[in-house]
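# Observations on the model geometry
Single-letter residue listing:
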Amino acid sequence: MSEHHHGHDHHDHDHHHDNHFTDMEARVKALETVLTEKGLIDPAAIDAIVETYETKIGPRNGARVVAKAWNDAEFADWLKRDATAAIASLGYTGRQGEHMRAVFNTTDTHNLVVCTLCSCYPWSVLGLPPVWYKAPPYRSRAVIDPRGVLAEFGLTLSEDTRIRVWDSTAELRYLVVPERPAGTDGLDEEQLADLVTRDAMIGTGLALAPEALR
Ligand code: FE
């Protein structure tokens, strides 16, 4: 069973849709082209830097939020009630004042985040969105066939597990709090954060088992 939460307005989005470049994107693209043609930069190096922001530096904030929630029941409760404030207490705030909501996976419910209309993403905790998050196939299929999409990410959930799909907006963004893996009792928050991948916080993955880091 899947459930699609909408109930928000997308009309006042201030960013781009689909393949239309904003002025800023067009300028960045132009600069990259000129610098590449002059042999001043290597596009592969730029891709590597962006990739690092997508998968490592950006999501580390969110990973710390999740690790703290796993480790501190009071913080977890605060995160459930008022994610914007709980996350801000760790110093992670959005520049545009968007609100955050944390959705907690349980043994019978898995949460998945998408922005069906464009690419709203909780960048204050996850950094830059991956290319697939912004791509039309993910945006449409996450709602229609979340189980199939998860399978393509290598995540096969039990048929009994309910999947809830959360549609981000410019005003409200979601952070998935994955379940704490077994065998992590002795770990401190920094070690726990190592287990929390970007995909686990979007819902297209689960937290890593501690064995994965050895
Ligand atoms: Fe959006």
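The structure under discussion appears in the preceding block.
My aim in this report is to walk through the structure given alongside it, one point at a time. Source: prediction; values computed, not measured.

Definitions and cut-offs
Residues numbered from 1 in each chain as written. Predicted model: local features only at pLDDT ≥ 70, side-chain atom pairs only at ≥ 80, totals over all residues. Heavy atoms only, no water. Helix = DSSP H or I, 4+ residues; strand = E, 2+ residues; numbered from the N terminus. Expected span 1.5 Å × (residues − 1). Bend = angle between axes of the 7 residues up to and from the residue. Buried < 20%, exposed > 50% of the residue type's maximum accessible area, 1.4 Å probe, protein only. Polar contact = N/O pair within 3.5 Å; in protein donor to acceptor, adjacent residues only side chain to side chain. Patch = residues over 30% accessible without salt bridge, like charges linked within 9 Å, V, L, I, M, F, W, Y side chains within 5 Å. Areas by Shrake-Rupley, 256 points an atom, 1.4 Å probe, with all protein chains shown as cover. Salt bridge = Lys/Arg side-chain N within 4 Å of Asp/Glu carboxyl O. Contact = heavy atoms within 4.5 Å. Lys, Arg positive; Asp, Glu negative; His and termini not counted. Core = buried A, V, L, I, M, F, W, Y, C linked by side-chain atoms within 4.5 Å.

Given a rise of 1.5 Å per residue, 29 residues ought to cover 42 Å, and the 41 Å separating the end C-alpha atoms of helix 2 (residues 43-71) matches this to within 8%. Maximal helix bending in helix 2 amounts to about 50°, located at Pro-59. Burial in helix 2 covers these residues: Glu-54, Gly-58, Pro-59, Gly-62, Ala-63, Val-65, Val-66, Ala-67, Ala-69 and Trp-70. Near the N-terminus of helix 2, the side chain that reaches the backbone nitrogen of Ala-44, with its oxygen 2.9 Å away, is that of Asp-42.

On the surface, Ile-49, Val-50, Tyr-53, Ile-57 and Leu-128 cluster together to form a nonpolar patch covering roughly 430 Å² of accessible area. Within the secondary structure, Ile-57 is located in helix 2.

This part covers the pattern of salt bridges. A side chain of one charge can pair with a side chain of the opposite charge when the charged atoms of the two come close. Within this structure, the stated rule accounts for eight salt bridges. Note that Glu-190 and Arg-60 form a salt bridge whose closest N and O atoms lie 2.9 Å from each other. Highlighted residues: Glu-190 in helix 9 (residues 189-193) and Arg-60 in helix 2, separated in sequence by 130 residues. The partly exposed category is assigned to Glu-190, whose relative accessible area is 38%. Between Arg-141 and Glu-152 there is a salt bridge; the shortest N-O distance is 3.2 Å. Here Arg-141 is found in helix 7 (residues 136-144), whereas its partner Glu-152 is found in helix 8 (residues 146-152), with eleven residues between them in sequence. The class of Arg-141 is partly exposed, set by a relative accessible area of 28%.

With respect to the helices and strands, the residue Thr-161 is situated in the loop between helix 8 and strand 4 (162-167). A residue is classified by how much of its surface remains accessible, and Thr-161, at 10% relative accessible area, is buried. When sequence neighbours within four positions are dropped, the list of residues in contact with Thr-161 reads Thr-107, Asp-108, Thr-109, His-110 and Arg-147.

Further remarks concern the side chain of Arg-173. Summarising the element assignment, Arg-173 is placed in strand 5 (residues 172-177). Buried within the structure, Arg-173 lacks any salt-bridge partner; its nearest side chain of opposite charge belongs to Glu-98, at an N-O separation of 4.6 Å. Among the polar contacts made by the side chain of Arg-173, one reaches the main-chain carbonyl oxygen of Thr-169 at a distance of 3.2 Å.

Over its 15 residues, helix 1 (residues 23-37) runs 21 Å from end to end, which matches the ideal 21 Å to within 8%, given 1.5 Å per residue. Residue Gly-39 follows helix 1 closely and has a positive phi angle near 75°.

Let us now look at the nonpolar core. Among the nonpolar cores identified, the biggest contains 48 residues, and Val-65, Leu-79, Ile-87, Val-125, Tyr-138 and Leu-175 are the most heavily contacted of them. Here the element with the most residues in this core is helix 2; it accounts for six residues.

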